[in-house]
Amino acid sequence: MHRAIAEIVDAAPQSPTAVLVPAAAARAALERTLERLSRLPEILTRDEFYARMHALLSAPPLLSAFEREVLLIKSADGAAADGDIPPFRLRAGLVSEILGFYDELRRRDRTVDDFDRLITESLQGSVEIDRGAERLFRQTRFLASAFRRFERLVDASGRVDEHGLRSLLLREGTAAFERVVVTVADQAADPRGLWTADFDLLARVPGVRHLDVIATENMLAAGFHQRIHDLLPGIEEEKRGAPAVPPVLVAPRHDGGEPRRWFVCRDREEELAAVARIAAAEDARDRTAVVFQRPLPYLYLARFVFASARQPYRALDALPLAGEPFAAALDLVFAFLIAEANRASTIDLLGSPHWRFADLDGSEPSIRERVAALDVLLRETKYLGGWDRLAALERHANPPQRANGRASRRVNPADAAKAAIAAGEALRPVRDASAASDQIRALLAFVAAHERLPDPDSPISARHLRARAAVVDALESLAAAHERHDNAPLSIERLFGAVRRWIDGQTFAPSTGSVGVALLDAPAAAYADVDELRLVGLVETDWPERARRSIFYPSSLLSQLGWPNEIDRLTAARARFHDLLRLPRSRVSASTFTLEDDAIVAPSPFLEELEASGLAVEHRAVPRLDADSAEGEAEEWLALRRSRSPVENESFHGSAGAREPSVYAVSHVERYLECPFKYFAARVLQLDEEREDESGLSPRERGQLLHEVFETFFRTWDDRGGKTITANNLDDALELFGSVAEATLAKLPDADRALERTYLLGSAAAAGLGARAFNVEIEQETEVVERLLEHPLEGSFELRGEHGVRAIGIRAKADRIDLLEDGTLRVIDYKLSRAPKAARALQLPIYGVCAEQRLKGRRGRDWRVSRAGYIAFKERNAFVGLAGPGTTLEEALEQGEQRLVAAVDGIERGDFPVKPDEPYRCRWCGYAGVCRKDYIGDE
């Protein structure tokens with residue numbers, strides 16, 4: 001493909017030639033590849049090509065993205081006002097989605113009338129009988145009306161957008177280029193490809209004498225061959241170039257077992273570290289490329305990984321403006337506004353080093369200490385936000401005095417509270433101004449008054465000022481767009497959505513130099529000339545690239561408007577992957593990883609293509625760290641790492657040494673079955689779990705509330721002689737439960753009370769927890785002799801394990817044990833969510849076995865468990881029995897005993913491997929920060 005482009009450009013050196021590529025990074029890669037040519041063509045992205053064509057045309061100015069969005073909002077509001085009500089609330093995020101849908105419709109060479117007619121005809125027959133079809137029908141009416149209004153407003157604005165520009169170019173334009181070389185496929189094959197309307201423009205625009213479309217054999221075979229003939233009827237075909245010598249596929253060395261053709265790393269950082277070590281060992285930096293599908297993780301990591309390895313690198317992709325500190329600081333302001341100054345947003349804003357507030361000036365105590373004191377106050381008062389509560393915050397901020405006259409808090413939060421109130425007042429015009437432009441200018445005034453600029457001599461100052469200028473320019477442009485087209489006030493969500501979408505679309509090019517390993521995304525890599533290529537990040541979420549689906553209509557409806565099907569995209573993605581495998585001149589390798597954000601990830605299905613690639617395989621080990629180049633602390637660390645043997649040292653696989661027998665809480669042993677390392681972290685290391693803050697009651701607090709209500713209810717019920725709950729006395733039970741619940745709820749803050757009341761007592765939509773629990777007892781129809789509530793089971797119990805019976809010290813508290821008139825026990829355990837997996841359940845079987853032993857002789861009887869189950873309030877059927885399908889109650893009790901004995905044996909041996917029974921839960925684990933997940937599953 002590189003040779004074909006060069007030959008076409010060299011064939012007509014005097015003709016103005018444009019080469020269309022998918023992105024700016026691809027342009028930079030192709031410029032480097034073609035640098036030997038005497039004259040480089042203009043290498044342009046799609047948007048740059050349209051801008052060049054507009055510059056040569058005596059046409060009205062182009063509408064900015066801000067102006068188009070303002071016009072669309074006005075059009076959508078007008079359509080709704082005229083009776084075409086959308087079946088959704090027009091939120092900020094939907095505005096850009098609607099505009100994107102309109103653009104895609106027009107780029108696929110379809111008009112609004114085509115859209116209205118085809119979708120309406122498809123839905124009309126089902127509207128009367130299908131609620132989903134009726135909703136889509138109303139959506140279509142709304143969108144068609146909004147699009148027609150939008151087109152009228154664009155025409156009346158005196159400006160043009162991309163679609164109007166195409167029409168002008170076809171009528172009266174003159175192309176800037178005599179020859180256009182298209183090196184990208186169509187949209188059906190590549191999300192960065194050209195659209196139907198683009199191919200139509202290139203084929204018909206005056207002045208373009210030659211149109212060349214270049215594609216690889218793999219891409220043509222993936223369906224592009226037929227589609228390009230449909231898009232450009234009569235196009236001539238010419239095969240150029242001869243097949244190059246394929247590279248060698250480098251694979252890891254293996255000692256027996258099934259050989260792999262790809263490298264497996266712990267995470268993305270380890271992938272880059274391996275590349276850096278290879279580059280250092282072979283001194284082939286300038287001819288080596290690292291190729292990824294998702295640029296950002298690798299661009300951020302490269303700054304540290306390659307610097308640590310003392311290896312230069314060059315990046316053609318740019319970092320997002322959204323990642324710049326100033327953009328993130330502006331997010332804190334919007335979060336404060338949208339959340340109405342709730343605790344998290346207030347603390348984040350006041351604690352940010354990018355904003356300053358007069359009330360927090362001064363060094364003693366520090367800003368951090370005063371903001372932390374305010375955070376404690378907000379937690380204690382269950383502060384959930386709201387402008388009224390913020391305004392009244394100061395009177396809660398002064399700490400109460402102790403008897404000796406000293407304040408009860410070491411740091412007074414009053415200054416931080418004043419700063420929060422002042423921030424709310426300063427941002428009031430952003431919320432309340434009567435014109436959108438005034439709202440935006442009020443936000444700019446807040447920025448000017450409260451921003452904290454870095455020291456001019458700081459190395460980050462210039463970059464910060466660039467980011468600041470870009471964001472401020474965007475805000476000023478948005479204010480001007482509203483002032484020109486629609487100055488009605490905006491909701492904070494809409495304002496934030498507009499600014500955030502613009503920021504997300506802008507990038508900063510990092511200064512990485514011009515030598516060293518090249519970091520390329522997959523689309524740009526196709527244009528690079530390299531000797532060695534390393535494909536990284538081959539995981540299921542990245543390769544193939546996820547297609548962006550329409551949020552408005554299913555594929556079955558959109559296909560008639562020209563939308564491609566998923567099979568075409570996947571086939572083309574596979575073709576591009578095969579092209580990448582044959583891109584380098586010498587060697588190619590691939591790597592995947594196992595962990596991302598503390599969660600286990602699956603490898604990409606594209607790894608299977610390595611077997612079918614037909615490339616010769618060379619097995620090679622990744623070079624080890626060079627100990628001679630390490631200095632100081634790095635040398636000490638490296639020596640320590642090399643002194644350890646993960647294979648031979650059992651401590652790398654969860655062994656902590658034998659432990660003395662103890663008294664075991666059943667819930668703690670159940671955690672051991674969930675993951676032995678979690679037990680180790682909580683019970684042996686005694687670490688606190690990392691938990692996210694919650695505005696209402698935590699799950700633990702809600703569980704305690706539930707147990708307190710049920711315990712109080714049953715004690716009162718039994719004292720009144722109620723005993724068994726039946727259909728005849730259900731109303732009495734519900735009335736008593738309601739009064740007990742209300743008395744308990746009265747202890748909660750107002751903000752929590754309403755939600756917890758709905759949980760306990762229910763609503764018009766669903767029954768409460770009390771009603772569901774009572775229904776279980778009614779269905780079982782057995783007379784209760786005595787109820788043991790929150791009954792302690794402590795002491796030494798005889799439990800059967802795989803190797804016989806052993807005595808184990810147990811500490812437990814059963815939620816409820818019912819002694820029934822037939823001499824049997826019913827053991828009940830309350831669960832706010834779902835019943836635990838049968839393979840991990842310990843509490844019920846152990847409670848049952850221990851109750852049989854401890855209650856022997858009570859009321860002159862030997863009690864046996866006849867029923868045991870969970871009242872799990874998120875299950876379809878509230879009662880979930882301990883004995884599952886194909887298992888008797890006796891077998892379930894025995895299996896529970898064996899699980900506990902085996903777990904206790906493991907604890908006493910000191911076996912605490914990282915072995916979660918459900919690996920997906922690692923994502924939410926409270927001990928993720930101390931867990932060595934690279935040893936998951938090791939024995």
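Reference entry: report on the structure contained in this document. Everything numeric here is computed off the predicted structure, so don't read it as measured data.

**Quick word on the overall build of the protein chain**
For step 1, the next point in the chain: Scanning the protein chain from N- to C-terminus turns up 35 helices and 22 strands.
For step 2, the next point in the chain: Looking at the 939 residues of the protein chain, the share that counts as buried comes to 48%.
For step 3, the next point in the chain: For the protein chain, long-range pairs separated by at least 24 residues make up 77% of all intrachain contacts whose partners lie at least 6 apart in sequence.
For step 4, the next point in the chain: Accessible area for the protein chain stands at about 45,900 Å²; split by element, carbon and sulfur atoms hold 48% of it.

**Comments concerning the packing of helix α13 (residues 325-338) against helix α22 (residues 492-504)**
For step 1, the next point in the chain: Where α13 meets α22, the axes come as close as 10 Å, and the angle between the chain directions of the two elements is 165°. Considered as vectors, α13 and α22 are oriented roughly antiparallel to each other. Of the two elements, α13 crosses α22, and the hand of that crossing is left-handed. On α22, the residues that touch Ala327, Leu330, Asp331, Phe334, Leu337 and Ile338 of α13 are Ile492, Glu493, Leu495, Phe496, Val499, Arg500 and Ile503.

**Details of the packing of aromatic side chains**
For step 1, the next point in the chain: The full count for this structure, using the stated rule, is 34 aromatic pairs.
For step 2, the next point in the chain: Ring geometry for Phe101 versus Phe147: centroids 6.4 Å apart, planes at 25°, classification stacked. With a gap of 46 residues between them, Phe101 in helix α5 (residues 92-107) and Phe147 in helix α7 (residues 131-156) connect regions that are remote in the sequence.
For step 3, the next point in the chain: Given the relative accessible area of 5%, Phe101 is considered buried.
For step 4, the next point in the chain: Summarising the aromatic geometry, the rings of Phe713 and Phe737 are spaced 5.8 Å apart at their centres and angled 70° between planes, so their arrangement reads as edge-to-face. Of this pair, Phe713 sits in helix α30 (residues 699-719) while Phe737 sits in helix α31 (residues 730-745), and the two are 24 residues apart along the sequence.

**Observations concerning the pairing of strand β18 (residues 784-801)**
For step 1, the next point in the chain: Sheet topology note: the β18/strand β19 (residues 804-820) ladder contains 16 bridges and is antiparallel. From the neighbouring strand, Gly795 faces β19, where its bridge partner is Ile810.
For step 2, the next point in the chain: Taking the residues between adjacent antiparallel strands as the criterion, β18 and β19 are bridged by two residues.

**Focus on the pattern of salt bridges**
For step 1, the next point in the chain: Tallied over the full model, the rule gives 65 salt bridges.
For step 2, the next point in the chain: In this structure, Arg441 and Glu483 form a salt bridge, with 3.0 Å as the shortest nitrogen-oxygen distance. With Arg441 in helix α20 (residues 436-450) and Glu483 in helix α21 (residues 461-485), the pair connects residues that are 42 residues apart, well separated along the chain.
For step 3, the next point in the chain: Three or more residues joined by partner-sharing salt bridges are found here, namely Arg46, Asp47, Arg107, Glu162, Arg166 and Asp198.

**Remarks on the environment of Arg816**
For step 1, the next point in the chain: If you trace the backbone, Arg816 turns up in strand β19.
For step 2, the next point in the chain: According to the relative accessible area criterion, Arg816 is buried, its value standing at 3%.
For step 3, the next point in the chain: Separated by 28 residues in the primary sequence, Arg816 and Leu788 have C-alpha atoms spaced 5.7 Å apart.
For step 4, the next point in the chain: Not counting the four nearest positions on each side in its chain, Arg816 is found in contact with Phe714, Glu777, Arg787, Leu788, Leu789, Arg826, Val827, Ile828 and Tyr830.

**Focus: the pairing of strand β12 (residues 532-535)**
For step 1, the next point in the chain: The alternating pattern of β12 places Glu532 and Arg534 on one face and Leu533 and Leu535 on the opposite face, and all of these are buried.
For step 2, the next point in the chain: Summarising the sheet, strand β7 (residues 288-292) and β12 pair through four bridges and their orientation is parallel. The partner of Val291 across the bridge, within β12, is Leu535.
For step 3, the next point in the chain: Of the pairings in the sheet, the one linking β12 to strand β13 (residues 587-593) comprises four bridges and is parallel in character. Bridge pairing in β13 places Leu533 opposite Val588.

**So, the sheet that holds strand β2 (residues 42-44)**
For step 1, the next point in the chain: Reading across the sheet, the four strands line up as β2-β1-β3-β4 and stay open at both edges, with parallel pairing between neighbours. At either end of the open sheet lies a strand with only one pairing partner, and these are β2 and β4 (210-213). Pairwise comparison of adjacent strand axes, ignoring direction, gives a mean angle of 20° for this sheet.
For step 2, the next point in the chain: In this sheet, β4 lies alongside strand β3 (residues 179-182) in parallel orientation, the contact comprising four bridges. Opposite Val182, over in β4, you have Val213 as the bridge partner.
For step 3, the next point in the chain: Each of β1 (17-20), β2 and β3 is contacted by helix α3 (residues 46-55), which is oriented at about 120° to β2, the strand it contacts most.
For step 4, the next point in the chain: Along the sheet, helix α9 (residues 196-204) contacts β1, β3 and β4; its crossing angle with β3, the most-contacted strand, is approximately 155°.

Procedures and definitions
Residues numbered from 1 in each chain as written. Predicted model: local features only at pLDDT ≥ 70, side-chain atom pairs only at ≥ 80, totals over all residues. Heavy atoms only, no water. Helix = DSSP H or I, 4+ residues; strand = E, 2+ residues; numbered from the N terminus. Buried < 20%, exposed > 50% of the residue type's maximum accessible area, 1.4 Å probe, protein only. Contact = heavy atoms within 4.5 Å. Areas by Shrake-Rupley, 256 points an atom, 1.4 Å probe, with all protein chains shown as cover. Axes fitted to C-alpha atoms, helices over the stretch in contact; angles between N-to-C directions. Parallel < 35°, antiparallel > 145°, perpendicular 65-115°, else oblique. Left-handed = near helix turned anticlockwise from the far one by under 90°. Phe/Tyr/Trp six-rings, centres within 6.5 Å; stacked < 30°, edge-to-face > 60°. Pairing = 2+ DSSP bridges. Salt bridge = Lys/Arg side-chain N within 4 Å of Asp/Glu carboxyl O.

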